[in-house]
Amino acid sequence: MENRIRSEEKNKLPLNFKYLNKLGSKKSKELNKKICYVKCDKFQTDFLTRVTPFKAFTRML
Amino acid sequence: MRYFNLFSSVLLTKGASRILISDLERNVSELQSLDLYNLTEDLKLNSIEDVIKEYDRDSGEIINEYIAFLLENEYGFISHNNWDNSFNQLSFNYDSSDVISNLFLELDNFSVLHKIRSAMDTIDIRYLVIYSIRQLSKEELGELDFIFENTPLEGIEIYCPYYDQINDAFLSYLSDTSKRIYKLVLYNCDTITFSTNENLKFSLEYTKDYITIKNCGIVDLKYFNTNNSKIFESKNYNSCLFKKIGIDIDGNIKNCPLMPDHFGNIRNTSLEKVLEMAGFKKYWNLTKDHIEICKDCEFRYICTDCRAFTEKTHQNKEGLDTSKPLKCGYDPYTGEWSEWSTNPLKEKAMRYYDFKIKQ
Amino acid sequence: MILILSANKDFTTNEVIKWLHIFDKKYIRVHEFELFEIKVIDKKILLESQRNSFYIDDINSVWFRRGGIKFNRLQFQNESVNKIMDETQFCLEDYVIKKLESKRHINKQSNNRTNKLLILEKAVAVGLDVPTYFLADNTDHINLGKTITKSISENIMVKSAFDDFDGILYTSIIDKHEDEVFFPTFFQEKIEKEFEIRCFYLNGKVWSCAIFSQNDEQTKIDNRIYNYGKPNRNVRYTLPPEIHHKICILMTELDYNCGSIDFIKSIDGKFYFLEVNPVGQFLGISDICNYALEKEIADYL
Ligand code: SF4
Ligand code: SF4
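Within each chain, residues carry numbers counting from 1 in the order of the written sequence. The order in which chains are written sets their letters, starting at A; the order in which ligands are written sets their numbers, starting at 1. Where totals are concerned, whole chains, interfaces and linings use all residues; where local detail is concerned, this predicted model gives features only for residues with pLDDT of at least 70, and gives and counts side-chain atom pairs only at 80 or more. The side-chain values count all of the structure's non-hydrogen atoms but skip hydrogen atoms and water molecules.

1. Looking at the overall build of chain A
In step 1: Only DSSP runs of H or I reaching four residues or more are called helices, and only runs of E reaching two or more are called strands; each is numbered from the N terminus. Looking only at helices and strands, chain A features 2 helices and 3 strands.
In step 2: Listing each helix as α and each strand as β along chain A from the N terminus yields α-β-α-β-β.
In step 3: With an accessible surface of roughly 3,600 Å², chain A has 53% of that area assigned to carbon and sulfur atoms. Method for areas: the Shrake-Rupley scheme with a 1.4 Å probe, in which residue coverage is limited to the protein chains shown.

2. Examining the overall build of chain C
In step 1: If you tally the helices and strands in chain C, you get 6 helices and 19 strands.
In step 2: Over its C-alpha atoms, taken along the principal directions, chain C stretches across nearly 65 × 50 × 45 Å.
In step 3: Counting all 301 residues of chain C, 53% fall into the buried class.
In step 4: Contacts are assigned to residue pairs with any non-hydrogen atoms lying within 4.5 Å of each other. Counting only contacts in chain C whose residues sit at least 6 apart along the sequence, the fraction spanning at least 24 positions is 66%.
In step 5: About 14,600 Å² of surface is accessible on chain C, with carbon and sulfur atoms providing 51% of the total. Each residue gets one of three labels from its accessible area relative to the maximum for its type: buried under 20%, exposed over 50%, partly exposed in between, using a 1.4 Å probe on protein chains only.

3. Some thoughts on the interface of chain B and chain C
In step 1: Between chain B and chain C, the contact holds 27 residues from the first and 22 residues from the second.
In step 2: Two parts placed together each lose some accessible area; with a 1.4 Å probe, that loss summed over both constitutes the buried area. Carbon and sulfur atoms make up 48% of the surface buried where chain B meets chain C, a total of about 2,200 Å² over both sides.
In step 3: Considering only the side of chain B, the residues that lose the most area to chain C are E25, F87 and S97 of chain B, jointly responsible for 27% of the buried surface there.
In step 4: Think of a salt bridge as a Lys or Arg side-chain nitrogen and an Asp or Glu carboxyl oxygen that are within 4 Å of each other. In this assembly, chain B and chain C are joined by 4 salt bridges.

4. A closer look at the pattern of salt bridges
In step 1: Under the counting rule described, the total for this entry stands at 45 salt bridges over all chains.
In step 2: For D46 of chain A, the salt bridge is made with K39 of chain A, and the minimal N-O distance between the two is 3.5 Å.
In step 3: By relative accessible area, which is 38% here, K39 of chain A ends up partly exposed.
In step 4: Between D10 of chain C and R65 of chain C there is a salt bridge, and its shortest N-O distance comes to 2.8 Å. Here D10 of chain C, found in the loop between β1 (2-5) and α1 (11-22), pairs with R65 of chain C, found in the loop between β6 (61-64) and β7 (70-71); they are 55 residues apart in sequence, far enough to count as distant.

5. Notes on the sheet that holds β1 of chain C
Residue and element names in this part refer to chain C.
In step 1: Strand order in this open sheet of 4 strands is β2-β1-β6-β8, and the pairing throughout is parallel. At either margin of the open sheet sits one strand with a lone partner, and together these are β2 (27-30) and β8 (104-106). Taken pair by pair, the neighbouring strands of this sheet meet at an average axis angle of 15 degrees, ignoring direction.
In step 2: In this scheme, strands are said to pair when DSSP sees at least two bridges between them. Examined bridge by bridge, β6 and β8 share 3 bridges and lie parallel to one another. Among the inter-strand pairings, S61 is bridged to a residue of β8, identified as R104.
In step 3: Axis definition: a line fitted to C-alpha atoms, over the contacting stretch in the case of helices. Angles run 0 to 180 degrees between N-to-C directions. Here α1 sits on the sheet and contacts β1, β2 and β6; the angle it forms with β2, its principal contact strand, is near 165 degrees.

6. Focus on the sheet that holds strand β18 (residues 258-266) of chain C
Two strands in a sheet stick together by hydrogen bonds in their backbones, pointing the same way (parallel) or opposite ways (antiparallel).
Residue and element names in this part refer to chain C.
In step 1: Here we have 5 strands laid out as an open sheet, ordered β17-β16-β15-β18-β19, and antiparallel in their pairing. At either margin of the open sheet sits one strand with a lone partner, and together these are β17 (233-237) and β19 (271-277). Strand-to-strand twist in this sheet, taken as the mean axis angle between neighbours without regard to direction, amounts to 25 degrees.
In step 2: Taken together, the 7 bridges between strand β15 (residues 193-202) and strand β16 (residues 205-212) define a ladder with antiparallel strand orientation. Directly across from R198, in β16, lies its bridge partner C209.
In step 3: Packing of helix α4 (residues 241-254) onto the sheet brings it into contact with β15, β16, β18 and β19, and relative to β18 it is tilted by some 140 degrees.

7. As for the site of ligand 1
In step 1: If you check the shell around ligand 1, you find 13 residues, and the closest are R59 of chain A together with C216, C240, C256 and C306 of chain B.
In step 2: The local environment of ligand 1 is shared, drawing residues from chains A and B.
In step 3: A class-by-class count of the residues in the shell around ligand 1 yields 8 nonpolar, 1 polar and 4 charged. Throughout this document, a residue counts as near a molecule or strand when at least one of its heavy atoms sits within 4 Å of that molecule or strand. In this classification, Asp, Glu, Lys and Arg are treated as charged, Ala, Val, Leu, Ile, Met, Phe, Trp, Tyr, Cys and Pro as nonpolar, and every other residue, Gly included, as polar.

8. A look at the nonpolar core
In step 1: Counting 96 residues, the largest nonpolar core has L105, L113 and L271 of chain B as the members making the most contacts within it.
In step 2: In this entry, domain limits derive from an automatic or database-based domain assignment. Each of two domains, domain 1 (2-80) and domain 2 (100-211 + 244-276) of chain B, supplies a minimum of three residues to this core.
In step 3: Excluding its chain neighbours within four sequence positions, the residues that come into contact with L113 of chain B are L105, L107, L128, I130, L144, I147 and F148 of chain B.
In step 4: In this text, buried Ala, Val, Leu, Ile, Met, Phe, Trp, Tyr and Cys residues form a nonpolar core when linked through side-chain atoms within 4.5 Å. The next biggest cluster of nonpolar side chains, apart from the first, holds 48 residues, and it includes I19 of chain B together with Y237, C248 and I261 of chain C.

9. Here's the deal with the site of ligand 2
In step 1: In the region of ligand 2, the neighbouring residues are V219, F224, K288, C294, C297, R300, C303, K324, P325 and C328 of chain B.
In step 2: When the residues that make up the shell around ligand 2 are grouped by side-chain class, the tally is 7 nonpolar, no polar and 3 charged.

10. Some thoughts on the domain arrangement of chain C
In step 1: Domain boundaries in chain C define domain 1 (2-111), domain 2 (114-130 + 192-301) and domain 3 (132-190).
In step 2: A C-alpha centroid distance of 37 Å is found between domain 1 of chain C and domain 3 of chain C.

11. Section: the packing of aromatic side chains
In step 1: Only Phe, Tyr and Trp rings take part, Trp by its six-membered ring, and two of them pair if their centres are within 6.5 Å. Stacked means planes under 30 degrees apart, edge-to-face means over 60, and tilted covers everything else. As enumerated under the stated definition, the model contains 45 aromatic pairs over all chains in all.
In step 2: Ring geometry for F224 of chain B and W337 of chain B: centres 6.2 Å apart, planes at 45 degrees, overall tilted. With F224 of chain B in the loop between β10 (203-206) and α7 (228-236) and W337 of chain B in strand β14 (residues 336-337), this pair connects stretches of sequence that are 113 residues apart.
In step 3: Among the residues examined, W337 of chain B registers a relative accessible area of 35% and is labelled partly exposed.
In step 4: An angle of 40 degrees between the planes, with centres 5.9 Å apart, marks the rings of F200 of chain C and W207 of chain C as tilted.
In step 5: Of the aromatic side chains, those joined through ring pairs into one cluster are F54 of chain A together with Y94, Y237, F242, F263, F280 and W284 of chain B.
In step 6: Whether a charge sits over a ring comes down to the Lys NZ or Arg CZ being within 6 Å of the ring centre and within 35 degrees of the ring normal. The ring of F92 of chain B carries the charged tip of K235 of chain B above its face, separated from the ring centre by 4.7 Å.

This is the structure we're talking about:
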């Protein structure tokens, strides 16, 4: 897909704009939707990332 | 002369009858033969040409195939004249900035949750695992995240009995309002009143079975995921009990709610005090390398341990139970899986834990 | 007290902060939109925003992670008063920034803009190998397939460049000639690489990671194009001492005490310097190589 930037701008752009890549993919967009942040005063942020644990803490199933 | 170099993110774990190759960058593991392991050991000491020379002509072929396999999977690369020593070994240290990684709670009364919330002013708990013996009302489920608002608690997972008001509307409400819930498991779920919705912010599982907390400790391939944190942890610490704290249905504080030793009750002591008590962390440093049978198993660094239910056959000098987990049906000496609960050798331990013996 | 100038959403800052708690170190975290007022109490300078208030004397170390400290600059009616007050306020602000920078610090606010062209010149001056580069507005002297182009700006994201995607200016190989003249563009000789090296530098220490991407067509030119199916191999690596030494000289000359540095190891065995980024991401290599860099930073502060 041709990017729309070069046709929109009337000034000349550096050549690397012609080689513009798409950022991310469908998959990364999907993943982004699932990212949750929690507010945490202790760490002085409203955006503590909820990271899914790297293992199952219990194995009941 | 050509030399074979194994990438440092590829870990070979030798078992009694096979090896497991764990790829810490691609997060997968695969089983291979001991022959392949022996070959990689040889290739650490000799050039490829010399190794091939050592074997007879027929095996030379096989060796080339093995090397091709290692290269194809990008487990290693070839260098010329010598091994490439500019690449360094990976460190297997496990350094994590959490104080308590997970609290495993057997829940009945919500007042315990408020106790835990106030403990969090002084100790950080990263994840909370709730096993509820009773149905949780919609209000209660909705309230969970709210109780831990503004704390460093990152995630909550819940196991609770299903009932028919847990439907799509409620689940998407819960997903929208609860940031911390990352997993919800509904048990005792015969007919379902919800669709398995992809858009929920948590993973949703359900089962017809009636799950009791005593189900815990299952050893199964489905839990053998591979990643570097898991492997670093299990090489240095107990893969289940390190940085774990448990509270049973009566409020007793333990390393895991299914273990016998308790260290006071949430009603009259603090989690902080318990953490300092002698013996509370006694299993934290017990790795699979020191557990009988497991120490000969190729899965030992991706298998999560259980100390609450074991075969009760071994004890070390410090009095720690170093027997194999009871609920493992794997025999590393034969490389075969069987149903653990029908294994006659386990009957004694099963009686001890009061498990039904299947005929 | 540690002062962290960062963004509310910065994941790296959160990870470092978790370690600060383990080390029992006190810190103040400043977000990107916070505006400070400079006050004086008992002859001591106090900085105050909606979220924070602290004496600069109480700060022992500063981490300029993102942005930096920003001030609420007052406007005045009378034009010449405004001019004088603008200068007055600038003096105070500059003084505060310089005071903060004189403490133990990671990077500097007054120096957080990189200029890729100047950095390349300095790199050549300290004796590092740099692939031949030049600026041009046409492709007349370009060796097709053997020349790359990349952005000289630090920001390479282009919002809504495509219908449903943003764009990003990665390094690309020039594969055809252009008839028209374009805006001055950065070109550089393409090096046949054995692998790339991503380094993290902190106060004279260097942690390196070799990134093998040659095995994979998709990531051959720019390893930032992440391949979900088959990621590259990343391996702990040690640079030769003379390269390490030159990095230290370069960073000192640039007055950076922390940053990410990229190299290419060419198939003929040379180490080619590509670029330095003082605010680069380092958690990736920290995680893959198990370097625990977030802990190193917390320890240093
Ligand atoms: S020790 Fe056993 S029962 Fe306890 S949490 Fe671990 S696996 Fe479950
Ligand atoms: S519990 Fe079973 S699968 Fe796990 S390490 Fe021990 S023997 Fe192997």
